[in-house]
Amino acid sequence: TSVRNALKGAYPDYKVYLEDVKDNFENPCFFLGLTSVVSQENTNLYKNNCTLHITFFTEKGRVDALFLYDVKDTVTKLFRHGLQVGNRFLHFTSVSTETEGEDADIIFFNLPFIYYDADGQQDEKYLMQHIYNHYETKGDL
């Protein structure tokens, strides 16, 4: 939702679809996808290594190289500093772009990021039993 809202802010007339839409989409448009690898860091901490995929399809038969460069620049600027998602702020480690398609009319954006989750269990809390302090003073204090 946060990515969609950011794209709609920059391109209010363009549709934003999830990657599962295969037919009946209107060009120009954006498609969103996410790949995620989760690994356990310790007993209750999990590392989520993710990549946000944004694909831009321009209007068929109307390829304008300057317009595509403008889209690349605009989307890169939207996400290069990160994105607020709920109560988290995601920092993208990079923003890469690639132009493809028969007519060079498709732009692929890849935005990798990492975040951590805990499963809600907490380790047993340890309390300090004794605290020892040793002070030394010099001169007339």
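For the structure, check the block above.
Residues numbered from 1 in each chain as written. Predicted model: local features only at pLDDT ≥ 70, side-chain atom pairs only at ≥ 80, totals over all residues. Heavy atoms only, no water.

Caption draft 1: Quick peek at the packing of helix H1 (residues 2-10) against helix H2 (residues 65-79). Between H1 and H2, whose axes approach to 11 Å, the crossing angle comes to 135 degrees. The angle between H1 and H2 falls in the class oblique. The crossing of H1 and H2 is right-handed. Contacts from Val3, Ala6, Leu7 and Ala10 in H1 reach Thr74, Val75, Leu78 and Phe79 in H2. Considered class by class, the residues forming the contact of H1 with H2 number seven nonpolar, one polar and no charged. (Axes fitted to C-alpha atoms, helices over the stretch in contact; angles between N-to-C directions. Helix = DSSP H or I, 4+ residues; strand = E, 2+ residues; numbered from the N terminus. Parallel < 35°, antiparallel > 145°, perpendicular 65-115°, else oblique. Left-handed = near helix turned anticlockwise from the far one by under 90°. Contact = heavy atoms within 4.5 Å. Nonpolar A, V, L, I, M, F, W, Y, C, P; charged D, E, K, R; others polar.)

Caption draft 2: The arrangement of the packing of aromatic side chains in detail. Counting across every chain of the model gives 14 aromatic pairs. Relative to Tyr14, the ring of Tyr11 has its centre 5.2 Å away and its plane inclined at 10 degrees; by these criteria the two rings are stacked. Judged by relative accessible area, Tyr11 falls into the buried class, the value being 9%. You can call Tyr14 buried: its relative accessible area is 16%. For the pair Phe31 and Phe57, a centre-to-centre distance of 5.5 Å together with 80 degrees between the ring planes defines the contact as edge-to-face. One end of the pair, Phe31, is in strand S2 (residues 29-42); the other, Phe57, is in strand S3 (residues 45-57), with 26 residues separating them in the sequence. Given the relative accessible area of 8%, Phe31 is considered buried. Through successive ring pairs, a cluster of aromatic residues spans Tyr11, Tyr14, Phe30, Phe56 and Phe67. (Phe/Tyr/Trp six-rings, centres within 6.5 Å; stacked < 30°, edge-to-face > 60°. Buried < 20%, exposed > 50% of the residue type's maximum accessible area, 1.4 Å probe, protein only.)

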